[in-house]
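Coordinate inspection notes
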Amino acid sequence: MPVIACRAAVCWEAGSRLQIETIEVAPPKEGEVRIKIVSTSVCHTDEYTRTGKDPEGVFPCVLGHEGAGIVEMVGKKVASLEVGDHVIPLYTPQCKACKFCRSEKTNLCSKIREMQGKGLMPDGTSRFRCRGKMLHHFMGCSTFSEYTVCAEISVAKVNNSAPFNRICLLGCGITTGYGAVLNTAKVEPKSTCVVFGVGAVGLAVIMGCVKAAAARIVAVDINDSKKEIAEKFGATDFVNPHSHPDKKLKDVLIELLDGGADYSFECVGNVELMRTALECCHKGWGQSVIIGVAAAGEEISTRPFQLVTGRVWKGSAFGGFKSRDSVPKLVDEYMDGQLKIDEFVTHEFGFQDINKAFDVARDGGAIRCIVNVQQ
Ligand code: NAD
Ligand code: DAO
Ligand code: ZN
């Protein structure tokens, strides 16, 4: 069956800007599907990987992991997807058979983890070539291409009438923050919550806290322009650490919340802030959830006494959602008006301008930039 020649945004080496190239995309092998990507978005993690800070980046590669599209071709033994299905690629797969998938305690499927981490398909090869060279895949998705190939277990089939340029955001940021509140922390009504970082992930945390009927939702960001959108999403308070130069941030928050937060969420990827997020939690029961991804080699620290006295430190990946089961339901929640997505979109670009989307995302002026790949 035919190899497709199409446009893709290639990252040739760590630190270089993406280049729109014509690449070859091989047909899907057994247990794989080829997808025509309609829309994608630029997540903080794509930019982070592009710079070479993230260990998951293997170059040259096709980045992108927040996307949505249409199945164009199915490989042998694919039973759950058909040509024409509308889909969202998933960087956290769900095979439903491995030890992790069989446990209710985690969403971290291990079936294709090893090869995915090496930027390869499950059989250890790549479906992408450009200028005679092999290109690596990224996080099992590689959505910065007009066509990509994913494992069947890395694809969620979704409502055919949902707009691609909105639901692509459920491939990462929104799902991550929302689920961290509802699945990982399991925030109870009337709780007090602190959200560090008001990007897409932090806003989705705020949305989750509102859904959980939290009493106080304190948004923390070093950029004052984030106050308005945080409040629009339901934050009750906004704290800019720079407005309190003489006080430790954790003391500002402990004072504001009469002893500390019931729950806190770190949505930046800064290890110092992770410590503050733990230590601003209430003695005896406060829980802090790490969502932000720190640079390779960085470490967190605190005094053990913080944990001895009842604070709990946790982490959350893809919002703790079992991906193939949950993402279609989140699409339906959006279609029913129960879940915000439109409000996260601040910019929209054609594929040719994907680097502009990176620039805007990096400058902090964006929440999410949609890139319409077929335009
Ligand atoms: P973003 O860049 O859009 O937002 C980050 C926000 O943090 C910005 O508003 C910025 O002003 C703010 N900020 C920066 N430094 C700060 C500081 N010292 N104190 C307070 N605020 C500060 O990022 P995003 O796309 O929302 O992603 C947030 C983090 O979540 C990233 O680290 C990303 O890699 C990670 N992430 C994790 C998962 C997961 O499954 N765990 C999934 C997606 C993203
Ligand atoms: O299963 O060992 C594993 C790794 C799972 C990877 C989870 C990644 C979570 C954070 C990724 C950043 C967001 C795109
Ligand atoms: Zn699994």
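Residues numbered from 1 in each chain as written. Chains lettered and ligands numbered in written order. Predicted model: local features only at pLDDT ≥ 70, side-chain atom pairs only at ≥ 80, totals over all residues. Heavy atoms only, no water.

Let us look at the site of ligand 1. Residues in close proximity to ligand 1 total 27 residues, the closest being H44, D221, K226, S316 and F318. Here a nitrogen atom of ligand 1 and a backbone polar atom of I291 are 2.9 Å apart. Note that a nitrogen atom of ligand 1 is positioned 2.9 Å from one of the backbone N or O atoms of S316. Burial of ligand 1 by the protein amounts to 87% of the accessible area it has alone, namely 870 Å². (Near = heavy atom within 4 Å. Polar contact = N/O pair within 3.5 Å; in protein donor to acceptor, adjacent residues only side chain to side chain. Areas by Shrake-Rupley, 256 points an atom, 1.4 Å probe, with all protein chains shown as cover.)

To continue, consider the site of ligand 2. As a structural note, the neighbourhood of ligand 2 is formed by T45, H65, Y91, L108, R113, M139, C172, V293 and A317. For ligand 2, the accessible surface in isolation is 430 Å², of which the surrounding protein chains cover 68%. Split by residue class, the shell around ligand 2 holds six nonpolar, two polar and one charged. (Nonpolar A, V, L, I, M, F, W, Y, C, P; charged D, E, K, R; others polar.)

With that settled, consider the coordination of the zinc ion (ligand 3). In the first shell of the zinc ion (ligand 3), the protein supplies C95 (SG), C98 (SG), C101 (SG) and C109 (SG), at 2.3 to 2.4 Å from the metal. Each of the four donor atoms bound to the zinc ion (ligand 3) contributes to angles spanning 105 to 119°, and the resulting shape is tetrahedral. Motif for the zinc ion (ligand 3), donor spacing along one chain: C-x2-C-x2-C-x7-C. With relative accessibility at 16%, the residue C95 sits in the buried group. A relative accessible area of 11% places C98 in the buried class. (Donors = N, O, S within 2.8 Å, 3.2 Å for Na, K, Ca; no water. Tetrahedral: all angles 85-135°; square planar, octahedral: opposite > 155°, others 65-115°. Buried < 20%, exposed > 50% of the residue type's maximum accessible area, 1.4 Å probe, protein only.)

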